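# Coordinates in review
One letter stands for each residue in the lines below.
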Amino acid sequence: MDASFLFNSIFLLACACLVMFMSAGFTMLEAGAVRAKSVVVILTKNISLYAISCVMFYLVGYQMMFDVVPGGLLGSPGIWFANDAANAVGSAESLRADGAFWFFQMVFVATAASIVSGALAERLKLWPFLAFVAVLTAVIYPVVGSWTWGGGWLAELGFFDFAGSTVVHSVGGWAALAGALLLGARRGRFDDQGRSTPLPSASAPQMAIGTLILWFGWFGFNGGSQLSFSSSEDAISVAQILANTNLAAAGGVIAALGLAQLMRGRPDMTLTINGALAGLVAITAEPSAPTMMQAMLIGAGGAVAMTVAAILLERFRIDDVVGAVPVHLAAGIFGTLVAGLTSANGSLATQAIGIAAIGLFTFLVSLMIWGVLKLSVGIRLHYSAEEKGADLSEMGARAYHLDLGHDNGERAFQKPQSTPVVQRV
């Protein structure tokens, strides 16, 4: 038993660190996707949301998520404390340090919050966003988690989501969609006829590196959800999970490359990046049961779902800077439905009920919270502040000198302002 306790605890802690490193991937991806005048705010948001997620999940969220009666609707909110004595006996699979399990669950909630940040970038105020993150991580995510991973009513019904295609990714996607609808598009994103006008990004290399970091961290995201590494069966399952996770991302990339060539006559880097992420999101609902060929096809299907959703967002003039809603919501729904076919005891009907219930709850509560923030403190930057850039208007700092070529063509060849990179103005 001591060996099982040690192996399981180390395994969960190592995987949790990989998932935490995904925060760096989200940060780089978003900082590269926005215009150079909004990079400092994005960096601040991503570091701050991680800290807020840690605190709120400790003070409220974890107890609410896991202190729920079987088949129940909600646990009891409260401060979490380790109870390792309760884990000293039982099956080998359940033996682990209580803090290891808490840490692993905590980094998941930070992932859901990161999804919202990228979608609403460049026109959302900093403090209202952080206030929403506090509610998301203390209430919205834990309620959904209690229904599923906490043993609540959806778990009793038979809903299955191995590592969070819906519980994590779709929750972040629904919250982002609600915010995008109330916030509106960035100025200049769509013309008077509603046609899409792509806005330049600050750094394509950062976007690519951020994606590869996320791809790497996903091995901890999905592999760690096995929750145990104390038997040969666990080792075989984790190996299958990692292989399937990797191939799903690869399938998403290949599908996105082909779709871009068909639609635009040339490859598209952003679509390729999001194809990888969509493949990863899609396989997350059930990465252990599919064959490797099936995993690759699931990843490709996630990329197709993402592409269709991106087209629909543009048609309805909904602005999503990094494509978070197509990647995390659309591919998450697709992957969760497919899990009903690949899981041994899966049911498409049950999966659909879970998707609908979680989506309705998350979207409506998020819409209400964004609405309250909009009416009380306001959520959108003023027109002049948006034109100036969120960095100067909210932070009083720039990420780049304009004379280093990071002005995105908006102020090319103009004399740089006298303010250095980090000097306050």
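Residues numbered from 1 in each chain as written. Predicted model: local features only at pLDDT ≥ 70, side-chain atom pairs only at ≥ 80, totals over all residues. Heavy atoms only, no water.

### Digging into the overall build of the chain
The criterion, for reference: Strands are runs of DSSP state E lasting at least two residues, helices are runs of H or I lasting at least four, and both sets are numbered from the N terminus onward. Computation of the radius of gyration draws on C-alpha atoms, with the globule rule given as 2.2 Å multiplied by the number of residues to the power 0.38. Whether a residue is buried, partly exposed or exposed follows from its accessible area with a 1.4 Å probe, protein chains only, as a fraction of its type maximum: under 20%, in between, or over 50%, in that order. Here the open area of atoms and residues is found with the Shrake-Rupley method and a 1.4 Å probe, where only the protein chains shown may cover a residue.
When its secondary structure is counted, the chain shows 14 helices and zero strands. The order of α-helices and β-strands along the chain, N terminus first, is α-α-α-α-α-α-α-α-α-α-α-α-α-α. In terms of overall size, the chain behaves like a compact globule, its C-alpha atoms giving a radius of gyration of 21 Å where 425 residues would be expected to give roughly 22 Å. By principal-axis analysis of the C-alpha atoms, the chain measures approximately 70 × 45 × 35 Å. Classification of the 425 residues of the chain by burial places 55% in the buried group. With an accessible surface of roughly 17000 Å², the chain has 68% of that area assigned to carbon and sulfur atoms.

### Considering a nonpolar patch on the surface
Note the following rule: Put simply, a patch holds well-exposed residues, over 30% relative accessible area, that have no salt bridge, with like charges counted together within 9 Å and Val, Leu, Ile, Met, Phe, Trp or Tyr side chains within 5 Å. Counted as salt bridges are all cases of a side-chain nitrogen of Lys or Arg within 4 Å of a carboxyl oxygen of Asp or Glu.
The grouping of V55, Y58, L59 and I79 at the surface amounts to a nonpolar patch, some 330 Å² of accessible area in total. As for its placement among the helices and strands, V55 is situated in helix α2 (residues 39-66). The class of V55 is partly exposed, set by a relative accessible area of 43%.

### Concerning the nonpolar core
Formally: Residues belong to a common nonpolar core when they are buried Ala, Val, Leu, Ile, Met, Phe, Trp, Tyr or Cys residues joined through side-chain atoms within 4.5 Å.
Counting residues in hydrophobic clusters, the biggest one holds 108 residues, and the most contacted among them are F132, Y141 and W370. If one sorts the elements of this core by residue count, helix α3 (residues 98-119) sits on top with 14 residues. Among the nonpolar cores identified, the runner-up in size contains six residues, and A248, A295, I298 and V338 belong to it.

### Re empty space enclosed by the protein
Just so we agree on the cut-off: Throughout, the protein atoms alone are placed on a 1 Å grid, and a set of points is a cavity if a 1.4 Å probe fits but cannot get out or a pocket if it is open with protein on both sides within 12 Å along at least five of seven lines; lining residues have an atom within 4 Å of a point. Grid points are joined across faces, edges and corners, and a volume is the space filled by probe spheres set on the points. Each residue receives one of three labels: charged for Asp, Glu, Lys and Arg, nonpolar for Ala, Val, Leu, Ile, Met, Phe, Trp, Tyr, Cys and Pro, and polar for the others, Gly being one of them.
If you walk through the whole model with that rule in mind, you get one cavity of 30 Å³ or more. Considering only enclosed or pocket space, the largest cavity measures out at about 80 Å³ in volume. Lining the largest cavity are 13 residues, and of these F26, L29, V322, A324 and H328 sit closest to its centre. Elements represented by at least two residues in the lining of the largest cavity include exactly α1 (2-33), α3, α9 (269-283) and α11 (324-342). Of the residues assigned to the lining of the largest cavity, the class counts are seven nonpolar, five polar and one charged.

### A look at the pattern of salt bridges
All chains considered together, the criterion is met by nine salt bridges. One salt bridge in this structure joins D268 and R264, with 2.8 Å as the shortest N-O distance. Exposure remark for R264: the relative accessible area of 45% places this residue in the partly exposed category. A salt bridge links R380 to E386, with the shortest nitrogen-to-oxygen separation between them at 2.9 Å.

### Some points on the layout of surface pockets
Reported here for the largest pocket is a volume of approximately 860 Å³. Forming the boundary of the largest pocket are 30 residues, of which R189, R264, T270, E314 and V321 lie nearest the centre. Those elements that place two or more of their residues in the lining of the largest pocket are α1, α7 (204-223), α8 (232-264), α9 and α10 (292-315). Considering each element in turn, the lining of the largest pocket owes the most residues, six residues, to α10. Classifying every residue of the lining of the largest pocket by side-chain character gives 18 nonpolar, six polar and six charged.

### A few points about the packing of α2 against helix α4 (residues 126-147)
Axes are the key here: two packed helices are described by the angle between their axes and the distance separating the axes. The criterion, for reference: Helix axes use the C-alpha atoms of the stretch in contact, all axes being lines fitted to C-alpha atoms, and the angles between their N-to-C directions lie in the range 0 to 180 degrees. Note: crossing handedness is left-handed where the near helix turns anticlockwise from the far helix by less than a right angle, and right-handed where it turns clockwise.
Where α2 contacts α4, the axes come no closer than 8 Å and their chain directions differ by 35°. Crossing geometry of α2 relative to α4 is assigned as right-handed.

### Examining α9
Put simply, the rule is: Helices are assigned an expected span. That span is 1.5 Å times one less than the residue count. As used in this structure description, the phrase polar contact means that two N or O atoms lie within 3.5 Å; if the pair is within protein, one of them must be able to donate a hydrogen and the other to accept it, and residues adjacent in sequence are counted only when both atoms belong to side chains.
With 15 residues, α9 should cover 21 Å at 1.5 Å per step; its first-to-last C-alpha distance of 22 Å lies within 8% of that length. Within α9, 13 of the 15 residues are buried, which leaves the element mostly enclosed by the surrounding structure. The N-capping residue of α9, defined by a side-chain oxygen 3.1 Å from the backbone nitrogen of T270, is D268.

### A look at the confidence of the model for the chain
Stated precisely, the cut-off is as follows: Looking at any residue, its pLDDT shows the predictor's confidence there, from 0 to 100. The contact criterion used is simple: two residues touch if any of their non-hydrogen atoms lie within 4.5 Å.
With 92% of its residues at a pLDDT of 70 or more, the chain has an overall mean of 91. Long-range and interchain partners of residues 403-425, a stretch whose pLDDT sits below 50, account for 37 contacts in this model, where long-range means more than four residues apart.

### Some points on α4
Heads up, the condition is: A residue's bend is simply the angle between two axes: one fitted to the seven residues ending at it, one to the seven starting at it.
The terminal C-alpha atoms of α4, which comprises 22 residues, lie 31 Å apart, in line with the 32 Å expected from a rise of 1.5 Å per residue. A bend of about 45° at L136 is the largest found in α4.

### Things to note about the environment of A397
You can see A397 is positioned in the segment after α14 (390-395). Spatially, the C-alpha atom of A397 lies 7.2 Å from that of V40, the residues being 357 residues apart in sequence.

### Description of the packing of aromatic side chains
Each aromatic ring pair is specified by the distance between its two centres and by the angle formed by the two planes. Here is the rule we go by: Within 6.5 Å between ring centres, the rings of Phe, Tyr and Trp (the latter by its six-membered ring) count as paired, and their orientation is classed by plane angle as stacked under 30 degrees, edge-to-face over 60, tilted in between. Criterion for a charge above a ring: Arg CZ or Lys NZ at most 6 Å from the ring centre, at most 35 degrees from the ring normal.
What the rule picks out here adds up to 15 aromatic pairs. For the ring pair F108 and W149, a centre distance of 6.0 Å and an interplane angle of 75° mean the geometry is edge-to-face. With F108 in helix α3 and W149 in the loop between α4 and α5 (153-157), this residue pair connects regions lying 41 residues apart in the sequence. On the accessibility criterion, F108 (1% relative accessible area) is buried. Judged by relative accessible area, W149 falls into the partly exposed class, the value being 23%. The ring of F129 has K45 sitting right over it, with the charged end atom 5.3 Å from the ring centre.

### Regarding the packing of helix α6 (residues 165-183) against helix α12 (residues 348-376)
Filter applied, for reference: Every angle not falling under 35 degrees, over 145, or within 65 to 115 is termed oblique; those three ranges are roughly parallel, roughly antiparallel and roughly perpendicular.
For the pair α6 and α12, interaxial distance at closest approach is 8 Å and the crossing angle is 40°. Our classification of the angle between α6 and α12 gives oblique. Considering how the two elements wind past one another, α6 and α12 form a crossing that is right-handed. Counting all contacts with α6, which are made through T166, V171, W174, A175, L177, A178, G179, L181 and L182, the residues of α12 involved are I355, I358, G359, T362, F363, S366, L367, W370, G371 and K374. A per-class count over the contact of α6 with α12 returns twelve nonpolar, six polar and one charged.

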